[in-house]
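Fold and contact review
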Amino acid sequence: MIKIVSDFTPLMTRRSLIASLCLAANSDLTVDLLPQSLATPLGINGAWFDAQRKRQQLRIAQGSAEHIAYYLLQSKSFSSEPAIDPTQAAHQKLPCPSTRSSDFLAATPKDPRHKLIRNLYDNLNWPLDRCYAHTLRFLEAKELNQAPLEPLYQERGLSSDTSPESLTALSTLNLPAKRVLLAGPGLDLTRREKFTDDIPLKSHQLDHLKSLYTQVDAIDIRPEVIAHLHATPHDLTTQILPAKYDLIVATNLFVYLNEAELLCALTGLTRSLNPGAKLVHNDTRFAAKVFGEALDIPVEKYQPVSLGGRKWDRLVIHQKL
Ligand SMILES: C[S@@+](CC[C@H](N)C(=O)[O-])C[C@H]1O[C@@H](n2cnc3c(N)ncnc32)[C@H](O)[C@@H]1O
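Just so you know, these numbers come straight off a predicted model, no measurement behind them.

Moving on: the nonpolar core. Grouped together as the largest cluster of nonpolar side chains are 41 residues, with contacts concentrated most on I68, F104 and L209. There are two domains that each give this core at least three residues, and those are domain 1 (4-26 + 36-155) and domain 2 (164-319). Not counting chain neighbours up to four residues away, the residues in contact with L209 comprise L170, V180, L182, V216 and V249. Of all hydrophobic cores here, the second largest spans 35 residues; its members include I44, W48, L241 and L262.

See the structure below:
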């Protein structure tokens, strides 16, 4: 079981605790469930899964550090100091802001977002300046050094920020389904740019799917998403779900997975699809096509999504044979 659940227990409501107990029905993904001709060259074996569980713990911690740093720099809920734009801070190599830091540490959280962030901080055991330095390193690589995005995202922390475009992409779908799974709903907890404390603390995708379908389950790896949305704790790269679905949606998630992780995630998700069911994501990597074919969920189509007239993204729709 992943450690985040017990770390976050103080924040859990009765409903989220019940959701988390569903994890008991989750089981571990094992090497024998993977297509060997793909798993072996990628180095996936028993030791890989042990290392992967540790890697995910670190990435959850790094994602928490990013949320904390973005909040520390921009929120007005705990400090009267002016907000600092994170990318500017990286450009100017600003030190961790001392007054904002002491205000953050002294404040008693009142609103739900502040409570979630404080809880992340209390469970992380990283001082604020470490959260800040970690986040600035990522911003430097992405914004200043323009590091190639694919490897950067496959190594970065796992955060729960959502993009409004992901809802636009989803609203172009019109797929019949009885039982739907949203993998990685996100939460809009913080934002790198233009964060304000009144951004609704929710998953737009989850609300949207719930307005269309009667049964929608959500799974996620991050503690605040699990707690706030009553999602089931689940790591797509190391676990499999007991339930079967007619539609699984996982956008802006596979981008965080390297090829070995992607193979594991697709193997697990495939087992949760009814025959004829669809898996929708937005990772146009060739590997997703190759793995889909090997797992009997070939890509059915690539659906372009336009945003304000310009092409933005492409949904990848697989169908289980
Ligand atoms: C960037 S957010 C995307 C949110 C939303 N789906 C969207 O498209 O805007 C990625 C979400 O996937 C979750 N996630 C990342 N890796 C995961 C994994 N291995 N298993 C389950 N959830 C994961 C994160 O915690 C987060 O909620």
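Having seen the structure, we can now continue with the description.
Moving on, we come to the pattern of salt bridges. Counted according to the given criterion, the structure contains 17 salt bridges. R59 is the salt-bridge partner of E261, the closest N and O atoms lying 3.7 Å from each other. Here the residue E261 occupies a position in helix α13 (residues 259-271), and R59 occupies one in helix α4 (residues 46-74), the gap between them amounting to 202 residues. With its nearest N and O atoms 3.5 Å apart, the salt bridge here joins K202 to D207. Overall, the relative accessible area of 38% leaves D207 in the partly exposed class.

Here we take up the site of the ligand. Close to the ligand lie 23 residues; G184, Q205, D220, T251 and N252 are nearest. A distance of 3.4 Å separates a nitrogen atom of the ligand from a polar atom in the backbone of H234. Classifying every residue of the shell around the ligand gives six nonpolar, 13 polar and four charged.

As enumerated under the stated definition, the model contains seven aromatic pairs in all. Arranged with centres 5.4 Å apart and planes meeting at 85°, the rings of F78 and F104 form a pair that is edge-to-face. Note that F78 is positioned in the loop between α4 and α5 (86-91) and F104 in helix α6 (residues 98-106), a separation of 26 residues in sequence. Each member of the pair, F78 as well as F104, carries the same accessibility label: buried.

The topology assignment puts H204 in helix α11 (residues 204-212). Judged by its relative accessible area of 24%, H204 falls in the partly exposed class. As for H204 and P185, which are separated by 19 residues in sequence, their C-alpha atoms are 8.0 Å apart.

Bringing the pairing of strand β2 (residues 179-183) into the picture now. When you tally the buried positions in β2, you get four out of five residues, the bulk of the element. Assessed by its sense of winding, the connection that carries the chain from β2 through α11 to strand β3 (residues 215-220) is right-handed.

Here the chain averages 92 in pLDDT, and 90% of its residues register 70 or above. Across residues 1-10, where pLDDT falls below 50, the model places 24 contacts with residues more than four positions away in sequence or in other chains.

In this structure, T267 sits in helix α13. T267 sits 233 residues away from L34 along the chain, and the two C-alpha atoms are 6.3 Å apart. Not counting chain neighbours up to four residues away, the residues in contact with T267 comprise L29, L33, L34, P35 and L295.

Another aspect to go through is the side chain of S64. As for its position among the elements, S64 is in helix α4. Overall, the relative accessible area of 4% leaves S64 in the buried class. Look past the residues within four positions of S64 in its chain and what remains in contact with it is L120, L124 and R222.

Looking now at the domain arrangement of the chain. For the chain, the assigned domains read domain 1 (4-26 + 36-155) and domain 2 (164-319). Each of domain 1 and domain 2 was reduced to a C-alpha centroid, and the two centroids are 21 Å apart. Listed per partner, the contact involves 49 residues of domain 1 and 46 residues of domain 2. The contact between domain 1 and domain 2 buries some 3900 Å² in all, and 62% of this surface belongs to carbon and sulfur atoms. Three residues stand out in domain 1 for area buried against domain 2, namely N26, L38 and R113, and they jointly supply 17% of the buried area on that side. For the pair domain 1 and domain 2, the interface holds three salt bridges. When the shortest N-O distance is used, the salt bridge between R192 and E143 registers 2.9 Å. At the surface where domain 1 touches domain 2, the tally comes to 21 residue pairs in polar contact (both at pLDDT 80 or more). Looking at the side of domain 1 that touches domain 2, the elements that each hand over two or more residues are α1 (4-7), α2 (14-21), α3 (36-39), α4, α5, α7 (112-124), α8 (128-144) and α9 (149-155). A total of 14 residues in the side of domain 1 that touches domain 2 trace back to one element, the largest contributor, which is α4. Partitioned by chemical class, the residues of the side of domain 1 that touches domain 2 number 25 nonpolar, 14 polar and 10 charged.

Rules used throughout
Residues numbered from 1 in each chain as written. Predicted model: local features only at pLDDT ≥ 70, side-chain atom pairs only at ≥ 80, totals over all residues. Heavy atoms only, no water. Core = buried A, V, L, I, M, F, W, Y, C linked by side-chain atoms within 4.5 Å. Buried < 20%, exposed > 50% of the residue type's maximum accessible area, 1.4 Å probe, protein only. Domains from an automatic or database assignment. Contact = heavy atoms within 4.5 Å. Salt bridge = Lys/Arg side-chain N within 4 Å of Asp/Glu carboxyl O. Helix = DSSP H or I, 4+ residues; strand = E, 2+ residues; numbered from the N terminus. Near = heavy atom within 4 Å. Polar contact = N/O pair within 3.5 Å; in protein donor to acceptor, adjacent residues only side chain to side chain. Nonpolar A, V, L, I, M, F, W, Y, C, P; charged D, E, K, R; others polar. Phe/Tyr/Trp six-rings, centres within 6.5 Å; stacked < 30°, edge-to-face > 60°. Right-handed = clockwise from strand over helix to strand, strands pointing away. pLDDT = per-residue confidence, 0-100. Buried area = accessible area lost by both parts, 1.4 Å probe.

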